[in-house]
Amino acid sequence: MEWQKWLRLKRGEHHYTKLLIVLLFAFFTPSLLNAWLLRMVIAILFLSLNLIILKTILTSSITLQVLKTLAVLFFLIDLFLAARESSYERWFLLASAIFQSSFIGVSILAIGQDLFQKTKVTAEVLRGAICVYLMIGFLWGIAFKIICLFDSNAFSNITLENYIYKLNYFSFITLTTVGYGDITPQNHIAMSLANVEAIIGQLFPAIVIARLVGLYEAEKRED
């Protein structure tokens, strides 16, 4: 099947381009994600691509099995929630967020380590760095959701009816240090997380650019 060919990766071929396409689709179409079928398609593509990529770069089979378990649990819970008329069962949402954040967190670390082990600057390396940056934004969005599930007043202008997508929006404007001020953290944990994300948003591009410049200079010296 065509989608199976699209997902297929050979060892050593990480194809961050495909992962980037899925992440950008999830990033630019938040309103469409209310359609549960589309949301499930994006989840399947994201989880599948991440697992296939991680299979090529992880040396620990135990870590890979743990990630597969997290992916399956997250998908099953998300499928259960999306298929119901009311998707605000607190504990299921919390479990889904924990599994999802764990999966994305490990993915960020593994892909980031792989990228920093590269010895040449390629378009695929650049796309991989963008993937990591976007996943950081989604990861913090999930962390903010977990806080909101415990404290519905943790953020201004956020309710349990709109928090899912608004907190992703808040995460990315914090990561990019835009800070429009329409949503603000109201408790200490939320404030601390927002501060950490803003710092990462400044440091990550600087570190990546420094690394890429270093690799480029090393290539020039070799030539």
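Residues numbered from 1 in each chain as written. Predicted model: local features only at pLDDT ≥ 70, side-chain atom pairs only at ≥ 80, totals over all residues. Heavy atoms only, no water.

Under an unreviewed UniProt entry, the name given to the protein chain is Potassium channel family protein, and the source organism is Pannus brasiliensis CCIBt3594.

*Asks:* Describe in detail the overall build of the protein chain, supporting the description with residues and values.
*Replies:* Secondary structure assignment for the protein chain yields 8 helices and 0 strands. Going residue by residue from the N terminus, the α and β elements of the protein chain occur as α-α-α-α-α-α-α-α. Taken over 223 residues, the protein chain has a buried fraction of 43%. Summarising the internal contacts of the protein chain: among those between residues at least 6 apart in sequence, 71% fall at separations of at least 24. (Helix = DSSP H or I, 4+ residues; strand = E, 2+ residues; numbered from the N terminus. Buried < 20%, exposed > 50% of the residue type's maximum accessible area, 1.4 Å probe, protein only. Contact = heavy atoms within 4.5 Å.)

*Asks:* Give me the environment of Lys166: which residues, what numbers.
*Replies:* Relative to the helices and strands, Lys166 is located in helix H7 (residues 163–175). Along the chain, Lys166 and Lys145 lie 21 residues apart, while their C-alpha atoms are 9.6 Å from each other. Setting aside chain neighbours within four positions, we find Lys166 in contact with Asn157, Ile158 and Ile183.

*Asks:* Before we move on, can you summarise the UniProt feature "transmembrane region" (unreviewed entry) in the protein chain with the specific residues and values?
*Replies:* According to UniProt, the feature "transmembrane region" (unreviewed entry) maps to residues 66–84, 90–112, 124–143, 163–181 and 193–213 in the numbering used here. Summarising residues 163–181: 68% helix, 0% strand, and an end-to-end C-alpha distance of 16 Å. Helix makes up 100% of residues 193–213 and strand makes up 0%, while its end C-alpha atoms are separated by 30 Å. (UniProt positions renumbered as here; feature names shortened; annotations may be inferred.)

*Asks:* Report on the packing of aromatic side chains, specifying residues and quantitative values.
*Replies:* One pass over the full model with this rule turns up 5 aromatic pairs. Here the aromatic residues Phe144, Phe155 and Phe170 are joined through ring pairs into a cluster of three or more. (Phe/Tyr/Trp six-rings, centres within 6.5 Å; stacked < 30°, edge-to-face > 60°.)

*Asks:* An account of the pattern of salt bridges is requested, with residue identities and associated values reported.
*Replies:* Pairs may arise between side chains of opposite charge once their charged atoms sit close together. Within the structure shown, the criterion is met by 2 salt bridges. Between Lys118 and Asp114 there is a salt bridge; the shortest N-O distance is 3.9 Å. For Lys118, a relative accessible area of 24% gives the class partly exposed. Arg127 is the salt-bridge partner of Glu124, the closest N and O atoms lying 3.3 Å from each other. (Salt bridge = Lys/Arg side-chain N within 4 Å of Asp/Glu carboxyl O.)

*Asks:* Quick rundown of the nonpolar core? Include the residues and the values.
*Replies:* Among the nonpolar cores identified, the biggest contains 63 residues, and Leu19, Phe46, Ile111 and Phe155 are the most heavily contacted of them. Of all the elements in the fold, those that place two or more residues in this core are helix H2 (16–28), helix H3 (36–57), helix H4 (61–82), helix H5 (90–116), helix H6 (123–150), H7 and helix H8 (188–222). With 16 residues, H6 is the largest single contributor of residues to this core. In contact with Ile111, other than residues within four places in its own chain, are Tyr16, Leu19, Asn50, Ile53, Leu54, Ile57, Gly128, Val132 and Met135. (Core = buried A, V, L, I, M, F, W, Y, C linked by side-chain atoms within 4.5 Å.)

*Asks:* How would you explain the environment of Glu124 if you had to name every residue and give the values?
*Replies:* Within the secondary structure layout, Glu124 lies in helix H6. Note on Glu124: relative accessible area 23%, which makes it partly exposed. Glu124 sits 107 residues away from Thr17 along the chain, and the two C-alpha atoms are 6.7 Å apart. A polar side-chain atom of Glu124 sits 2.3 Å from the main-chain amide nitrogen of Tyr16. (Polar contact = N/O pair within 3.5 Å; in protein donor to acceptor, adjacent residues only side chain to side chain.)

*Asks:* Break down the environment of Val213 for me, with residues and values.
*Replies:* Structurally, the position occupied by Val213 is in helix H8. Taking the C-alpha atoms as reference points, Val213 and Val121, 92 residues apart in sequence, are found 8.7 Å from one another.

*Asks:* Give a description of a nonpolar patch on the surface that names residues and reports values.
*Replies:* Nonpolar side chains collect at one region of the surface, where Phe116, Ile199, Leu203 and Ile207 lie side by side and expose about 370 Å² of accessible area between them. The greatest single-element share of the nonpolar patch, amounting to 3 residues, is contributed by H8. Counting through the fold element by element, Ile199 comes out in helix H8. (Patch = residues over 30% accessible without salt bridge, like charges linked within 9 Å, V, L, I, M, F, W, Y side chains within 5 Å. Areas by Shrake-Rupley, 256 points an atom, 1.4 Å probe, with all protein chains shown as cover.)

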